[in-house]
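So you can see what is in the structure, the chains are spelled out below.
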Amino acid sequence: TPLIEEAKAEGPIGVAVAGSPTQTVVAGCREALDHLTQRVDDELFAECVFIEDRVPMHVALFAPVADVLSPVLGSVPWKEATKPYLPNVVGEFVVQNGPSTYVEPLVQHVCEAVRWRQSIDFLMGRFADLAFVEVGPKTALTNLLSPKWHAVRRFHTDHHSDPAGGFANLVSELIGGSC
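These remarks concern the structure in this document. Because the structure is a prediction, the values reported are computed rather than measured.

Quick look at the pairing of strand β1 (residues 13-20) now. Of all eight residues in β1, six are buried; the element is thus mostly enclosed. In the sheet, β1 pairs with strand β2 (residues 23-28) via six bridges, with the strands oriented antiparallel. Its bridge partner lying in β2, isoleucine 13 is registered against glycine 28. Following β1, the chain reverses through two residues before pairing antiparallel with β2.

Quick look at the structure:
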């Protein structure tokens, strides 16, 4: 976007996560982020929230980490994929098989934007009756699936407060039986 391009004059910055129609995560150096935050507030009247200021994941700043990670992941004896694989930096199913199925997207994941929105749009276009389950203490991903964006079945279970029952009950609800 033009505002991000403008902020690059202050230092490295880029889209880290294309989350939903109402949320985009940007990462970079603090000066560029401060500049972008001010411009977004002035021009778009949008709220910016700083999540963390130590790890600029999913942007070009992390390319040196990806360079180190690539040979390590390349040395792992990967099994062939037996199920569809949808890396969040690709936004659609990966069709090749072998090490590149996993290595390339995992390396990209470190220094390229996460395409959450594209991935969800792809799944919604491919499968008519989806249910999304988020297992964890928070509802970060569930909250991105606004009914205004896609009308999907959304479920969340906090396996930390109820490690045995929460997930089993949720699965039972989804499949209409008992676990």
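Now that the structure has been shown, we can carry on.
Mapped onto the fold, histidine 58 is located in the loop between α2 (30-44) and α3 (63-74). A polar atom in the side chain of histidine 58 sits 2.6 Å from the backbone oxygen of histidine 109. Excluding anything up to four places from it in sequence, histidine 58 contacts Val15, Ala16, Val17, His109, Val110, Cys111, Glu112, Ala113 and Val114.

This part covers the nonpolar core. Core analysis: the biggest nonpolar cluster contains 14 residues, and Trp116, Ile120 and Phe132 have the highest contact counts within it. Secondary-structure elements contributing two or more residues to this core are β1 and α5 (116-126). Counting residues in hydrophobic clusters, the runner-up holds nine residues, among them Ala7, Ile13, Ala32 and Leu33.

Next up on the list: the environment of aspartate 34. Relative to the helices and strands, aspartate 34 resides in helix α2. Between the C-alpha atoms of aspartate 34 and alanine 7, which are 27 residues apart in sequence, the distance is 8.6 Å.

Let's shift gears to the packing of aromatic side chains. Applying the stated criterion across every chain, the model contains four aromatic pairs. Each ring, one from tryptophan 78 and one from tyrosine 102, has its centre 4.8 Å from the other, and the planes form 20°; the classification is stacked. In this pair, tryptophan 78 sits in the loop between α3 and α4 (99-111) while tyrosine 102 sits in helix α4, placing the two residues 24 residues apart along the sequence. Look at tryptophan 78 and you get partly exposed, because its relative accessible area is 29%. Aromatic pair tyrosine 85 and tyrosine 102: ring centres 5.3 Å apart, planes at 50°, arrangement tilted. Linking tyrosine 85 in the loop between α3 and α4 with tyrosine 102 in helix α4, this pair joins segments that are 17 residues apart in sequence. Through pairs of rings, three or more aromatic residues link up here, namely Trp78, Tyr85 and Tyr102.

Next up on the list: the environment of cysteine 29. Residue placement: cysteine 29 occurs in the loop between β2 and α2. It is 8.7 Å that separates the C-alpha atoms of cysteine 29 and leucine 61, two residues lying 32 residues apart in sequence. With sequence-adjacent residues up to four places away left out, cysteine 29 is seen in contact with Glu10, Gly11, Pro12 and Leu61.

Another point: unusual backbone geometry. A positive phi angle is found at phenylalanine 45, which is not glycine, with a value near 55°. When you line up the elements, phenylalanine 45 lands in the loop between α2 and α3. At histidine 58, a position not held by glycine, the phi torsion is positive, near 70°.

Calculation criteria
- Residues numbered from 1 in each chain as written.
- Predicted model: local features only at pLDDT ≥ 70, side-chain atom pairs only at ≥ 80, totals over all residues.
- Heavy atoms only, no water.
- Buried < 20%, exposed > 50% of the residue type's maximum accessible area, 1.4 Å probe, protein only.
- Helix = DSSP H or I, 4+ residues; strand = E, 2+ residues; numbered from the N terminus.
- Pairing = 2+ DSSP bridges.
- Polar contact = N/O pair within 3.5 Å; in protein donor to acceptor, adjacent residues only side chain to side chain.
- Contact = heavy atoms within 4.5 Å.
- Core = buried A, V, L, I, M, F, W, Y, C linked by side-chain atoms within 4.5 Å.
- Phe/Tyr/Trp six-rings, centres within 6.5 Å; stacked < 30°, edge-to-face > 60°.

As far as function goes, none of this settles anything; it's purely spatial.
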